[in-house]
Amino acid sequence: MDKNDLKLTSSEIGTLWDEYVNGTAIDIMNKYMLSIIEDEKISCVFEEAIETFAKQKKQITTFIDNEGFPIPIGFTESDLNQGAKRLFSDIFCLHYLHIMTLHGLLGHTTALSASVRKDLRHFYDSCDDDGKKMYHKTIELLVEKGHFQRDPYLYPDKNPEFISSQQFTDGYFGNQRPLAATEIISISFNLKKKILEKTLSVAFSQVTQSKEIRKFLNSAQKTSEEQIQSFSKILQNDNLPVPTSWETEVTISQESPFSDKLMLYHIGFLLQTSQAYHGAGLAAAMRTDLVVNYEKIILKNLMVTKEWFNMMTKNRWLEQPPLVPNRKEIAKDR
């Protein structure tokens, strides 16, 4: 069967819709950052990121349009205040691009796994290739600048070992075992993402024009800090280093480069995507205290996300994705 005879499925339309809306939000952030970056090498990778998304956006638009669905509004130049003062340092911009690239890689992989039609699978393959290239470039540049925060090192045992008792899972009583390398993966990654989430909450709270949004951002900042401390304590208890914070990479500017809609959406995007990483950490945790820690964080994030959702809908800023037909409404007498 020719690929053009296959309609896109609901899952395929859903992935394209997500890629468009989230991509346009990050693209506006990247364009602002490019306008303030002074370092030539960092500027070059941002130029490449913007050019790459412009190509992807065109293809996503074609896919959606050919299926007869409306193109999402997403975020546009109207959400960017051209010429706004510097809000971030060059190094923070590079950290931001690196973390967003990690989000993109996960998003492309998820989208590919939901895709059947050949042309769409090839599109997500190309997106994944673009993401991997950017991942390598951002890491190499962070290492070159001396700002890449590597995970803790471990010393190898002489021989492989097997778990020999139930005490391996004990996180509260008896002799608590040290962290496993498989557990450190998620702790370290979640910490870095929480640090980004907190830093953006700090920056956005400085420049938002809305008292209500500022109150929410301050609350989100506090929640991020509490979760950073909980993860940090776990590492410190095993005498492991903790990633440094990035708040000092935010200037004292009070001039907003972005619309309130974009800033609030971006924090919600980070809250929602972080749940996937918390879930992965929960699945990998074999110590009871880690399990409880992840459960508390997931529950708290759900509460904060609900508050975010209410604010977005109140301001009519949350775009509705395509819905399944409401058969009861269609079947009503006219």
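One can find the structure itself at the top, above this paragraph.
For every chain, the first residue of the written sequence is number 1, and numbering continues from 1 along that sequence. It should be noted that, the model being predicted, local features are given only for residues of pLDDT at least 70 and side-chain atom pairs only at 80 or more, the latter also being counted only at that level, while totals for whole chains, interfaces and linings use all residues. Derived side-chain values reflect all non-hydrogen atoms in the structure, with water molecules and hydrogen atoms excluded from consideration.

**Student:** For this particular structure, what's the right way to read the overall build of the protein chain?
**Tutor:** Helix and strand labels come from DSSP, where a helix needs a run of H or I of at least four residues and a strand needs a run of E of at least two; each type is numbered from the N terminus. From N to C terminus, the protein chain includes nine helices and zero strands. Reading the helices (α) and strands (β) of the protein chain from amino to carboxyl end gives α-α-α-α-α-α-α-α-α. When we talk radius of gyration, it's over C-alpha atoms, and the globule rule is simply 2.2 Å times the number of residues to the 0.38. Taking 20 Å as the expected radius of gyration for a compact globule of 334 residues, we find that the protein chain reaches 22 Å, a close match to that expectation. Referenced to the eigenvectors of the C-alpha coordinate spread, the extents of the protein chain come out at roughly 70 × 50 × 40 Å. The buried share of the protein chain, reckoned over its 334 residues, is 48%. Within the protein chain, residue pairs in contact and separated by at least 24 positions form 85% of the contacts whose partners lie at least 6 positions apart. The classification of residues rests on relative accessible area computed with a 1.4 Å probe and restricted to protein chains. Under 20% of the type maximum is buried, over 50% is exposed, and intermediate values are partly exposed. Contacts are assigned to residue pairs that have any heavy atoms within 4.5 Å of one another.

**Student:** Before we go on, may I ask you to explain the packing of aromatic side chains in this structure?
**Tutor:** Between two aromatic rings, the relevant description is the distance of the centres plus the angle of the planes. Each Phe, Tyr or Trp ring (for Trp, its six-membered ring) is paired with any other whose centre lies within 6.5 Å, and the angle between the two planes then decides the class: stacked below 30 degrees, edge-to-face above 60, tilted in between. Evaluated as defined, the whole model comprises 11 aromatic pairs. Ring centres of Y32 and F258 lie 5.1 Å apart, and the angle between their planes is 80 degrees; on these two criteria the pair is classed as edge-to-face. Taken together, the residues span a long stretch of sequence, with Y32 in helix α1 (residues 10-36) and F258 in the loop between α6 (211-236) and α7 (260-284) at a distance of 226 residues. On the basis of relative accessibility, which here comes to 4%, the residue F258 falls in the buried class. Judged by centre distance (5.2 Å) and plane angle (50 degrees), the ring pair of F123 and Y124 falls under tilted. A relative accessible area of 3% places F123 in the buried class. Given the relative accessible area of 0%, Y124 is considered buried. Among the aromatic side chains, those forming a connected cluster through ring pairs are Y32, F88, F92, F204, W246 and F258. For K192, the ring lying beneath its charged end belongs to F148, and the centroid distance is 5.4 Å. Charge over a ring is defined by NZ of Lys or CZ of Arg lying within 6 Å of the ring centre and within 35 degrees of the ring normal.

**Student:** Hey, could you run me through the pattern of salt bridges in this one?
**Tutor:** Between side chains of opposite charge, a pair can form when the charged atoms approach closely. Think of a salt bridge as a Lys or Arg side-chain nitrogen and an Asp or Glu carboxyl oxygen that are within 4 Å of each other. Counted under the stated rule, the structure contains 18 salt bridges. The closest approach of N and O atoms between K137 and E48, which form a salt bridge, is 2.5 Å. Here K137 is found in helix α4 (residues 118-145), whereas its partner E48 is found in helix α2 (residues 40-66), with 89 residues between them in sequence. The class of K137 is partly exposed, set by a relative accessible area of 34%. Judged by relative accessible area, which is 25%, E48 ranks as partly exposed. Linking D119 and R117 is a salt bridge whose minimum nitrogen-to-oxygen distance equals 2.9 Å.

**Student:** I tried to follow the layout of surface pockets on my own but got confused; where do I start?
**Tutor:** Vacant regions in the atomic arrangement are exposed by a probe of water-molecule size rolled over the atoms. A 1.4 Å probe that fits but cannot get out identifies a cavity on a 1 Å grid over protein atoms alone, an open set with protein on both sides within 12 Å along at least five of seven lines counts as a pocket, and a residue lines either if it has an atom within 4 Å of a point. Grid points are joined across faces, edges and corners, and a volume is the space filled by probe spheres set on the points. Roughly 1000 Å³ of internal volume is contained in the largest pocket. Around the largest pocket, the lining comprises 42 residues; the ones closest to its centre are E19, N22, H103, G104 and F269. Sorting the residues of the lining of the largest pocket by element identifies α1, α2, α3 (90-113), α4, α7 and α8 (288-314) as the ones contributing at least two each. With 11 residues, the top contributor of residues to the lining of the largest pocket is α3. Throughout this entry, Asp, Glu, Lys and Arg are counted as charged residues, while Ala, Val, Leu, Ile, Met, Phe, Trp, Tyr, Cys and Pro are counted as nonpolar. The remaining residues, Gly among them, count as polar. Of the residues belonging to the lining of the largest pocket, the class tally is 20 nonpolar, 15 polar and seven charged.

**Student:** Just to check I follow, could you spell out unusual backbone geometry for this structure?
**Tutor:** Residues apart from glycine generally show negative phi values, whereas peptide bonds are mostly found in trans. The phi angle at N239 is positive, at roughly 55 degrees, despite the residue not being glycine. The backbone of R316 sits at a positive phi, close to 55 degrees, despite the residue not being glycine. Inspection of the secondary structure assignment puts R316 in the loop between α8 and α9 (327-330). When its relative accessible area of 76% is taken as the criterion, R316 is described as exposed.

**Student:** Is there a simple way to think about the nonpolar core in this case?
**Tutor:** Soluble globular proteins tend to pack their nonpolar side chains together in the buried interior. In these notes, a set of buried Ala, Val, Leu, Ile, Met, Phe, Trp, Tyr and Cys residues joined through side-chain atoms within 4.5 Å is what counts as a nonpolar core. By size, the foremost hydrophobic cluster in this structure holds 69 residues, and its most contacted members are M33, F88, L200, F216 and F258. Of all the secondary-structure elements, those providing two or more residues to this core are α1, α2, α3, α4, α5 (181-207), α6, α7 and α8. Filtering out sequence-adjacent residues up to four positions away, F258 remains in contact with I28, M29, Y32, D79, L80, F88, F204 and M263. By size, the runner-up hydrophobic cluster in this structure holds 12 residues, among which are L8, F63, L120 and F123.

**Student:** Please clarify how a nonpolar patch on the surface should be interpreted in this entry.
**Tutor:** On the surface, a nonpolar cluster with roughly 320 Å² of combined accessible area is contributed by L299, L302 and M303. In this structure, L299 sits in helix α8. Note that patches include only residues with greater than 30% relative accessible area and no salt bridge, and the join distances are 9 Å for like charges and 5 Å for nonpolar side chains (Val, Leu, Ile, Met, Phe, Trp, Tyr). The Shrake-Rupley method, run with a 1.4 Å probe sphere, supplies the accessible areas, and residue values consider only the shown protein chains as cover.

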